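Here are the chains, one letter per residue:
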Amino acid sequence: MGKGDQLLEHVLIKYRWLFVCFFLLPASFLYELWSYFRNLIVFKLSSAPGKHASKVQKVQQQVVFAKRAETFYFKRSASINIINIKTFPLTIIFFQVREWNKNGQQGHMCTARPGWQTMSFRQGLYKKSFYKVEVNLVDVLEIDTENKTVRVEPLVSMGQLSASLAPLGWTIPIVPEIDDLTVGGLILGTGIESSSHQFGLFQHICVEYELVLADGSLVTVTKDSDPDLFYAVPWSYGTLGFLTAAKIMIVPCTKFIKLNYKPVYSLNDAVKEFSEASASKNQFVEGIMFTLNKGVIMTGNMIDEPQPCDKVNKIGLWHKPWFFKHVESFLVTGKRASEILPLRDYYHRHTRSIFWELQDIVPFGNNRLFRLCMGWLMPPKISFLKLTQTDAVKRLYENNHIIQDMLVPITNLKESMQMFNKETKVYPIWLCPFKLPADPGMLCAPKERMFVDIGIYGVPDPSVNFKPMETTRKIEEFVQKCEGFQMLYADTYTTKEEFRRMFDHTLYDRVRSKLACTKAFPEVYDKVSRAARY
Ligand SMILES: Cc1cc2nc3c(=O)[nH]c(=O)nc-3n(C[C@H](O)[C@H](O)[C@H](O)COP(=O)(O)OP(=O)(O)OC[C@H]3O[C@@H](n4cnc5c(N)ncnc54)[C@H](O)[C@@H]3O)c2cc1C
Ligand SMILES: NC(=O)C1=CN([C@@H]2O[C@H](COP(=O)(O)OP(=O)(O)OC[C@H]3O[C@@H](n4cnc5c(N)ncnc54)[C@H](OP(=O)(O)O)[C@@H]3O)[C@@H](O)[C@H]2O)C=CC1
Ligand SMILES: CC(C)=CCC[C@@H](C)[C@H]1CC[C@@]2(C)C3=C(CC[C@]12C)[C@@]1(C)CC[C@H](O)C(C)(C)[C@@H]1CC3
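By the naming in an unreviewed UniProt entry, the chain goes by Delta(24)-sterol reductase and is assigned to Cloeon dipterum. Under the UniProt heading Subunit (unreviewed entry), the note attached to the chain is "Homodimer."

As structure tokens, this is what we get:
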């Protein structure tokens, strides 16, 4: 690398904030504005629910077309096979055939959602070669307060869903905290939040899935109508079919939450407080560890209205400190404290600082003056950050940064913390308890157990000699020994055999062979392993 390139690389890394502040923030704002008005018009015209059936038909047509195109290329039969599909515009077919042909005529399919839009550090290599199916389904379809369900399309985001439900006094029981997470990604990957100790993972609040299968047929499954497929869908990462709608439980909600902060000053205390809180009746439980021995355990409950003497802290306002910094401040006072927060501010509490990831990108993002002047533009859209990140920044993250969520039984919390401390010394660490019911599927377990998600996001301490692959492999091995799991949005460095040991593939394999998925979709491992992502 020449001197000029080195200088450029240095500037791009060190001064990424310049680009972020002067370009990405306004771009993100304009995008939010556009999507706000688009959603408003769609909602006012109520056109979305009516269009669902025809949009799903388009998905089916593309799948049928992919199958026919495959037959055509392998058997070299007449092109009439392809053009025969009614109502599908010819031009699109020709373009897609050309694309599919150019890309090596592979039979596997994936959604056409570009990799830069997904909530993961990397993008799938397969997005370059697979046959891409447009699943342009972005709307809330029906809010049924009588049966306590909401029916949504897969690209509905958490921000959009909480904005739709909260004014009506309802919420889904688990609202994963980053606004742009989508229902589809959370069902086919997984979702977790501070209410998961009561409700489980995102899949456990879903009651019905509508899917387009590998043969182009449309099915609607519940745990009673087709338990095999119903339980195989979560964690399948889009390798059983295309999700076109989901029915999710809703529960009544109030406008406020009372949040209690309990500072802890030793690992033993932290584990004790956190485990007790996870087994309690509190509606929300979360912990943030700022060192191995110091952290804050939070419990919360919805309340109807604040008392006149209560101070409401609107932590979502643009000029408020980042949430994790606010939490850290309770370590200084050392006292238990409580405060009232608006519920939506609480749900989206980690959005403005992208947990603690934004401090590496905009180092002065939590500065009071910056917040006052520019805070309303924050955060930049994760997808825009991803789209515009340079190779130098990517390499920097690859070699000096770790982003992993490890799900281990809560009884292994102490040794897990000690292990991650030894291998990474990354702080803050996110702790979120969740109940894992004894359901069939990838996380099949003999009995219901309490787990904890340990989220490690950040730069390992120089003293630990962090090596991305070796360190992650050690952690993965440890997690496997604890009978735990790794979240799939992050890279897995396991071998396929190790991955199949970590996740129970019995039901998944059976459903894949029953639904003829093997030719249509890759296995989960081939979408999430480090080798499958760039
Ligand atoms: C009955 C009903 C049906 C609906 N049906 C549809 C539909 O079919 N299709 C559809 O697309 N929409 C639907 N909506 C949603 C509607 O379009 C949204 O309300 C719209 O997006 C505008 O939202 P808002 O102004 O209430 O959001 P705002 O509250 O202004 O939120 C806008 C954005 O800011 C974020 N945000 C808000 N508060 C916070 C906070 N405290 N912290 C961090 N981020 C925050 C949100 O996540 C969101 O992305 C429906 C809503 C209702 C009530
Ligand atoms: N608090 C939390 O729980 C958090 C969770 N996450 C993780 O982020 C991910 C979700 O991110 P998001 O950007 O929403 O989703 P992604 O685009 O990352 O989707 C995840 C997977 O689901 C597949 N998928 C999504 N929608 C469909 C569909 N309609 N039909 C078929 N397959 C589909 C995708 O398939 P394809 O590859 O074909 O596009 C992809 O393999 C999850 O893995 C989640 O665990 C991240 C942050 C926080
Ligand atoms: C289960 C839970 C709570 C998971 C939280 C995961 C987040 C911390 C992850 C999800 C997406 C994620 C990997 C991301 C990044 C940081 C960590 C994130 C936000 C960033 C913003 C880091 C900076 C990078 O240049 C880039 C922009 C590509 C990514 C994008 C995705």
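Don't stop here, the text continues.
Chemist: I keep staring at the overall build of the chain and nothing clicks. Help me out?
Modeler: Secondary structure summary: the chain contains 22 helices and 17 strands in total. The buried share among the 534 residues of the chain stands at 54%. The contacts of the chain with a sequence gap of at least 6 include a subset with a gap of at least 24, amounting to 75%. As presented, the chain carries roughly 24,000 Å² of accessible surface, and 57% of it is formed by carbon and sulfur atoms.

Chemist: How do you make sense of unusual backbone geometry when you look at a structure like this?
Modeler: Negative phi characterises most residues that are not glycine, and trans characterises most peptide bonds. A cis geometry characterises the amide bond from M378 onward to P379, with omega recorded as -5°. Along the chain, the position of P379 falls in the loop between α15 (368-374) and α16 (382-387). Note the cis peptide between Y427 and P428, where omega equals 0°. Its location among the elements puts P428 in the loop between α18 (413-423) and β15 (429-436). We note that I354 has phi near 40°; this positive angle belongs to a residue other than glycine. With respect to the helices and strands, the residue I354 is situated in the loop between α13 (343-347) and α14 (358-361).

Chemist: Would you take a moment to explain the sheet that holds strand β13 (residues 337-342) for this structure?
Modeler: What links the strands of a sheet is backbone hydrogen bonding, and the strands pair in either a parallel or an antiparallel sense. The strand order β13-β10-β12-β11-β15-β16-β14-β17 describes an open sheet built from eight strands, whose pairing is antiparallel. Only two strands of the sheet have a single partner each, and these edge strands are β13 and β17 (485-486). Examined bridge by bridge, strand β11 (residues 284-289) and β15 share three bridges and lie antiparallel to one another. Looking at β15, one finds that G287 is bridged to L431. Together, β10 (256-264), β11, β12 (295-303), β15 and β16 (449-458) form the strand contacts of helix α11 (residues 267-278), whose direction differs from that of β11 by roughly 165°. In the packing of helix α19 (residues 468-481) onto the sheet, contacts are made with β14 (402-409) and β17, and the angle to β14 comes to roughly 15°.

Parameters and conventions
- Residues numbered from 1 in each chain as written.
- Chains lettered and ligands numbered in written order.
- Predicted model: local features only at pLDDT ≥ 70, side-chain atom pairs only at ≥ 80, totals over all residues.
- Heavy atoms only, no water.
- UniProt positions renumbered as here; feature names shortened; annotations may be inferred.
- Helix = DSSP H or I, 4+ residues; strand = E, 2+ residues; numbered from the N terminus.
- Buried < 20%, exposed > 50% of the residue type's maximum accessible area, 1.4 Å probe, protein only.
- Contact = heavy atoms within 4.5 Å.
- Areas by Shrake-Rupley, 256 points an atom, 1.4 Å probe, with all protein chains shown as cover.
- Pairing = 2+ DSSP bridges.
- Axes fitted to C-alpha atoms, helices over the stretch in contact; angles between N-to-C directions.

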